[in-house]
Amino acid sequence: MMISGVIYENTLSVLMPSEIIIDVAKVRKTIDEANLVPQEARYWQGVP
Amino acid sequence: MANVVECLLCKRKCRLMEGQRGDCRVRINLDGKLQTLVYGKPCAVHVDPIEKKPLFHVLPQSNSFSIATAGCNLHCKFCQNWQISQRAPEETENDDLPPQEVVRRAIQYGCQSIAYTYSDPIIFYEYMMDTAKLARQHKLFNLMITAGYIEQDPLLELCPYIDAANVDLKGITEEYYKNMCSAELQPVLDAIVTMRRQGVWVELTTLVVPTWNDSEEDIRKLCRWVVDTLGPDVPLHFSRFWPMHQLKNLPPTPIPTLTRSWEIARQEGIHHTYVGNVPGHDGNNTFCPVDKKLLVRRVGYNILENNIVDGRCKFCQIKIPGIWQKGE
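Since this is a predicted model, take the numbers as computed values, not measurements.

Student: Got a sec to walk through the sheet that holds strand β6 (residues 63-68) of chain B? Specific residues and values, please.
Tutor: Residues and elements named next belong to chain B. As summarised here, the arrangement of the 8 strands in space is β5-β6-β7-β8-β9-β10-β11-β12, forming an open sheet in which the pairing is mixed. Looking along the sheet, the strands with just one partner apiece sit at the ends: β5 (44-49) and β12 (273-276). Direction aside, the axes of adjacent strands within the sheet are offset by 20° on average. Relative to strand β8 (residues 141-146), strand β7 (residues 113-116) is paired through 4 bridges, and the arrangement is parallel. By the bridge assignment for β8, Ser-113 is matched with Phe-141. Strand contacts of helix α3 (residues 125-137): β6, β7 and β8, with the helix running at about 170° to β7, the strand carrying the most contacts.

See below:
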């Protein structure tokens, strides 16, 4: 199964390349434009 | 609400003003709370043979449903996945794949495991954790492929859900980690020890970079740390470097250098050591540490011969460490 991205893992085998084609956006999107949905993270604290 | 938040996931302990994001590019202070931008948003999804991770002692010849998001909390000059690891998630095309969908697809594609990989799953911790919990309910293995740069508390919470990990032990000096990766060695060593103590099956990978970490002294010191701290049964993979990212000026690792590293590891008492990225090398194979017989012959990620039966050497019956089938 392939979706976007060219990946060369550090165990690239010339016999079995893993090809995932990445489309890197030429213009950086905003969080909303990139369809990212912020969710509260774990392991943090407020700093007074 | 605090205006400044401090992330406690890794040693960097990024302190972030409102709107700022951490060094990893995917955690951000929004409205006085630390938020992750990559939950359910992988930019890389693939089915890989488990040997590719590399994991040679876990469910051989099985497939692993492999996911990654953008970002990373290291910045290795040699990174072979820099196109996603050194990017913010707004710069990659991301899929919409919540944990339940990851599990569903893994089962649909006949995978025995889910691998959190390619960039570094530590930075998509929450996504990895929730997916791993669901995967466990469906009897899928969870594999973490990571640089191990994580604080102890989040690691201890994660370990019960991780069956196996390949951890990059990139070098054995603080100087190397600082200059090559903008990170520190000691937290990685601590993470490896913790994973082992928590029952995670661990295999280590060292990318051998010409002129940087390839001296006999460094290789020997690394091997001695592995044997003295973890014992002789933790597999150690030496992987061939290819010019990439910020190190295009270097040549690929010479094969004799990898062969020498492999031999040093065996001299220092490591029972299972491998050479990666060199198809056809004897270091692709598994040998019995007692009678030295060939146990597993590999070419690339394919197994051509397997003399491990019920987790033991077919010839002398000694137990070969690993998870050879589910339920072990």
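Back to the text.
Student: Residue-level account of the pattern of salt bridges, with values.
Tutor: Residue and element names in this part refer to chain B. One pass over the structure, following the stated rule, counts 20 salt bridges over all chains. Arg-105 is the partner of Glu-101 in a salt bridge, and the nearest nitrogen-oxygen pair spans 3.1 Å. Of this pair, Glu-101 and Arg-105 are both found in helix α2 (residues 99-108), 4 residues apart, which corresponds to roughly one turn of the helix. There is no split in this pair, since Glu-101 and Arg-105 are both buried.

Student: Lay out helix α7 (residues 216-230) of chain B with the relevant residues and their values.
Tutor: All names here are of chain B. Its 15 residues place the ends of α7 21 Å apart at the C-alpha level, agreeing with the 21 Å of an ideal helix rising 1.5 Å per residue. Those residues of α7 not exposed but buried are Asp-218, Ile-219, Arg-220, Leu-222, Cys-223, Trp-225, Val-226 and Leu-230. Phi turns positive one or two residues past the end of α7, at Gly-231, with a value near 100°.

Student: Outline the sheet that holds strand β3 (residues 27-30) of chain B, listing residues and values.
Tutor: The pairing of strands in a sheet comes from backbone hydrogen bonds and takes either a parallel or an antiparallel form. Taken together, the 3 strands give an open sheet; going across it, the order is β1(A)-β4(B)-β3(B), and neighbouring strands pair in antiparallel fashion. Edge strands, defined here as strands with exactly one partner in the open sheet, are β1 (39-40) of chain A together with β3 of chain B. The pairing of β1 of chain A with strand β4 (residues 33-36) of chain B spans 2 bridges and is antiparallel. Within β4 of chain B, the residue paired with Gln-39 of chain A across the bridge is Thr-36 of chain B.

Student: Could you give an account of the confidence of the model for chain B, with specific residues and numbers?
Tutor: Put simply, chain B has an average pLDDT of 96, and 99% of its residues get 70 or more. Overall fold confidence (pTM) sits at 0.91, and the ipTM for the predicted complex is 0.92.

Student: Residue-level account of the packing of aromatic side chains, with values.
Tutor: Counting across every chain of the model gives 6 aromatic pairs over all chains. Their ring planes at 90° and their centres at 5.7 Å tell us that Tyr-43 of chain A and Tyr-125 of chain B sit as a pair that is edge-to-face. Here Tyr-125 of chain B lies in helix α3 and Tyr-43 of chain A lies in the loop between β1 and β2 (44-47), a pairing that spans two chains. Seen in terms of ring centroids, Tyr-176 of chain B and Trp-212 of chain B are 6.2 Å apart; in terms of plane orientation they differ by 75°. Their pairing is edge-to-face. Taken as a pair, Tyr-176 of chain B in helix α5 (residues 174-181) and Trp-212 of chain B in the loop between β10 (201-208) and α7 lie far apart in primary sequence, 36 residues in all. Residue class for Trp-212 of chain B comes out partly exposed when judged on its relative accessible area of 31%. The rings of Tyr-39, Phe-124 and Tyr-127 of chain B are connected pair by pair, giving a single aromatic cluster. Lying across the ring of Phe-56 of chain B, Arg-298 of chain B places its NZ or CZ 4.0 Å from the centre.

Student: Account for the nonpolar core, with residues named and values stated.
Tutor: All names here are of chain B. Ranked by internal contacts, the top residues of the largest apolar core, which has 93 residues, are Phe-65, Leu-169, Met-195 and Leu-204. Look past the residues within four positions of Met-195 in its chain and what remains in contact with it is Met-144, Thr-146, Leu-155, Cys-159, Ala-165, Val-167, Val-200 and Val-202. Core analysis: the second largest hydrophobic core is formed by 11 residues, Val-58, Phe-141, Ala-164 and Ile-323 among them.

Student: Lay out the pairing of β4 of chain B in plain terms, naming residues and giving numbers.
Tutor: All names here are of chain B. Note that β3 and β4 share 4 bridges and pair antiparallel. Bridging across to β4, Leu-30 finds its partner in Lys-33. As consecutive antiparallel partners, β3 and β4 are separated by 2 residues, and within that stretch Asp-31 has a phi angle of approximately 55°, a positive value.

Student: Hey, could you go over the environment of Asn-306 of chain B for me, with residue numbers and the actual values?
Tutor: Residues and elements named next belong to chain B. Among the secondary structure elements, Asn-306 is positioned in strand β15 (residues 302-306). Every residue in contact with Asn-306, bar those within four places of it in the chain, is listed here: Leu-295 and Val-296. A distance of 3.0 Å separates the side chain of Asn-306 from the backbone nitrogen of Ile-308, its partner in a polar contact.

Student: So what's going on with the packing of helix α6 (residues 186-197) of chain B against α7 of chain B? Which residues, and what values?
Tutor: Residue and element names in this part refer to chain B. At a minimum axis separation of 11 Å, α6 and α7 run at an interaxial angle of 35°. Relative to α7, the crossing made by α6 is right-handed. Between α6 and α7, the contacting residues are Leu-189, Ile-192, Val-193 and Arg-196 on the first element and Trp-225, Thr-229 and Leu-230 on the second.

Student: Can you break down the packing of α7 of chain B against helix α8 (residues 255-267) of chain B residue by residue, with the values?
Tutor: All names here are of chain B. Taken N-terminus to C-terminus, the directions of α7 and α8 make an angle of 40°; their axes are 9 Å apart at the nearest point. Classed by the angle they form, the pair α7 and α8 counts as oblique. Where α7 crosses over α8, the handedness of that crossing is right-handed. Every residue of α8 that contacts α7 at Glu-216, Ile-219, Arg-220 and Cys-223 is listed here: Arg-260, Ser-261, Ile-264, Ala-265 and Gln-267. Classifying every residue of the contact of α7 with α8 gives 4 nonpolar, 2 polar and 3 charged.

Parameters and conventions
- Residues numbered from 1 in each chain as written.
- Chains lettered and ligands numbered in written order.
- Predicted model: local features only at pLDDT ≥ 70, side-chain atom pairs only at ≥ 80, totals over all residues.
- Heavy atoms only, no water.
- Pairing = 2+ DSSP bridges.
- Helix = DSSP H or I, 4+ residues; strand = E, 2+ residues; numbered from the N terminus.
- Axes fitted to C-alpha atoms, helices over the stretch in contact; angles between N-to-C directions.
- Contact = heavy atoms within 4.5 Å.
- Salt bridge = Lys/Arg side-chain N within 4 Å of Asp/Glu carboxyl O.
- Buried < 20%, exposed > 50% of the residue type's maximum accessible area, 1.4 Å probe, protein only.
- Expected span 1.5 Å × (residues − 1).
- pLDDT = per-residue confidence, 0-100.
- Phe/Tyr/Trp six-rings, centres within 6.5 Å; stacked < 30°, edge-to-face > 60°.
- Lys NZ or Arg CZ within 6 Å of the ring centre and 35° of its normal.
- Core = buried A, V, L, I, M, F, W, Y, C linked by side-chain atoms within 4.5 Å.
- Polar contact = N/O pair within 3.5 Å; in protein donor to acceptor, adjacent residues only side chain to side chain.
- Left-handed = near helix turned anticlockwise from the far one by under 90°.
- Parallel < 35°, antiparallel > 145°, perpendicular 65-115°, else oblique.
- Nonpolar A, V, L, I, M, F, W, Y, C, P; charged D, E, K, R; others polar.

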